[in-house]
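# Chain and residue survey
Chain by chain, the residues:
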Amino acid sequence: AQSVTQLGSHVSVSEGALVLLRCNYSSSVPPYLFWYVQYPNQGLQLLLKYTSAATLVKGINGFEAEFKKSETSFHLTKPSAHMSDAAEYFCAVSVRSGGYQKVTFGTGTKLQVIP
Amino acid sequence: DVKVTQSSRYLVKRTGEKVFLECVQDMDHENMFWYRQDPGLGLRLIYFSYDVKMKEKGDIPEGYSVSREKKERFSLILESASTNQTSMYLCASSLGASSSGNTIYFGEGSWLTVV
């Protein structure tokens, strides 16, 4: 079985500061990993995904994440936070289980950006 | 762009009512999912379907059923709504089971309040 742990349900950063959202996963098979963003009252949008092609993955809106197998981590970063980055972020792990795609989401991290 | 449409954004229903949540996707995706989102719990999978008329239980299927009569449409049914089913419901879709790296595309969500 796979699982995802997101450290910190709420993270606050100042505008222009580094954003770091942490995600650790466990999986018995090589996983695919995703970061999604959810703005208030909306569904989830894909930020980026890791599919084993490269360990450093670049996504939309200046976000990137690095897959570290030894640490079972897939942390999300952005060099300089913008007010529009305020949202909830979800890490997810996807594996093939019983012939189906099974996706497990973390509990989410709400990012607050302080002007 | 993939579009997943949930027909009802906000619903208020009475305890004991039968509730239908409808979802349509326009990209010929084989997989469709229903998730429930609650604060602090992230997204939890209720049911998923990998083909027409096929369904599989997710992590929290109790109190719910689903229907998939056409490839593009996946309905979530609450046979007898209860107050503990007050939540945000998210429909999603992805390409077939050939890869667990397929992106999951989400609808905007349906806010259900049971009174």
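For the structure itself, look to the data block above.
My aim in this report is to walk through the structure given alongside it, one point at a time. (Residues numbered from 1 in each chain as written. Chains lettered and ligands numbered in written order. Predicted model: local features only at pLDDT ≥ 70, side-chain atom pairs only at ≥ 80, totals over all residues. Heavy atoms only, no water.)

### As for the state of the cysteines
- A complete count under the given rule lists 2 disulfides over all chains for this structure.
- Through a disulfide, A:C23 is tied to A:C91; the S-S separation comes to 1.9 Å. Negative torsions about the S-S bond denote left-handed disulfides, and the value of about -65° found for A:C23 with A:C91 makes this one left-handed. Of this pair, A:C23 sits in strand 3 (residues 19–26) while A:C91 sits in strand 9 (residues 87–97); the two residues are 68 residues apart in sequence, bridging distant segments of the chain. Grouping residues by exposure puts A:C23 and A:C91 together as buried.
- The side chain of B:C23 participates in a disulfide bridge whose partner is B:C91; the two sulfur atoms lie 1.9 Å from each other. Of note, the bridge from B:C23 to B:C91 carries an S-S torsion of about -80° and is left-handed in sense. One end of the pair, B:C23, is in strand 4 (residues 23–25); the other, B:C91, is in strand 10 (residues 87–94), with 68 residues separating them in the sequence.
- When its relative accessible area of 0% is taken as the criterion, B:C23 is described as buried. (Disulfide = S-S within 2.5 Å. Helix = DSSP H or I, 4+ residues; strand = E, 2+ residues; numbered from the N terminus. Buried < 20%, exposed > 50% of the residue type's maximum accessible area, 1.4 Å probe, protein only.)

### Structural notes on the nonpolar core
- Formed by 28 residues in total, the largest nonpolar core has its most connected members in A:W35, A:L48, A:F74, A:L76 and A:Y89.
- Every element with two or more residues in this core is listed here: strand 2 (10–14), strand 3, strand 4 (32–38), strand 5 (44–50), strand 7 (64–68), strand 8 (73–78), strand 9 and strand 11 (109–114) of chain A.
- Here this core gets 5 residues from one element, more than from any other, and that element is strand 9 of chain A.
- Membership of the second largest hydrophobic core comes to 20 residues, among which are B:L11, B:V19, B:Y47 and B:C91. (Core = buried A, V, L, I, M, F, W, Y, C linked by side-chain atoms within 4.5 Å.)

### Observations regarding the environment of A:K69
- Along the chain, A:K69 turns up in the loop between strand 7 and strand 8.
- Spatially, the C-alpha atom of A:K69 lies 26 Å from that of A:Q38, the residues being 31 residues apart in sequence.

### A look at the interface of chain A and chain B
- Each partner contributes to the interface: chain A provides 23 residues, whereas chain B provides 30 residues.
- In total, about 2000 Å² of surface goes out of reach between chain A and chain B, with carbon and sulfur atoms giving 51% of it.
- Looking only at chain A, the three residues that lose the most surface to chain B are A:N41, A:Y100 and A:Q101, adding up to 31% of its buried area.
- Taken together, the connections running from chain A to chain B amount to 1 salt bridge.
- With its nearest N and O atoms 3.6 Å apart, the salt bridge here joins A:K102 to B:D59.
- Counting every contact that joins chain A to chain B gives 10 residue pairs in polar contact (both at pLDDT 80 or more). (Contact = heavy atoms within 4.5 Å. Buried area = accessible area lost by both parts, 1.4 Å probe. Salt bridge = Lys/Arg side-chain N within 4 Å of Asp/Glu carboxyl O. Polar contact = N/O pair within 3.5 Å; in protein donor to acceptor, adjacent residues only side chain to side chain.)

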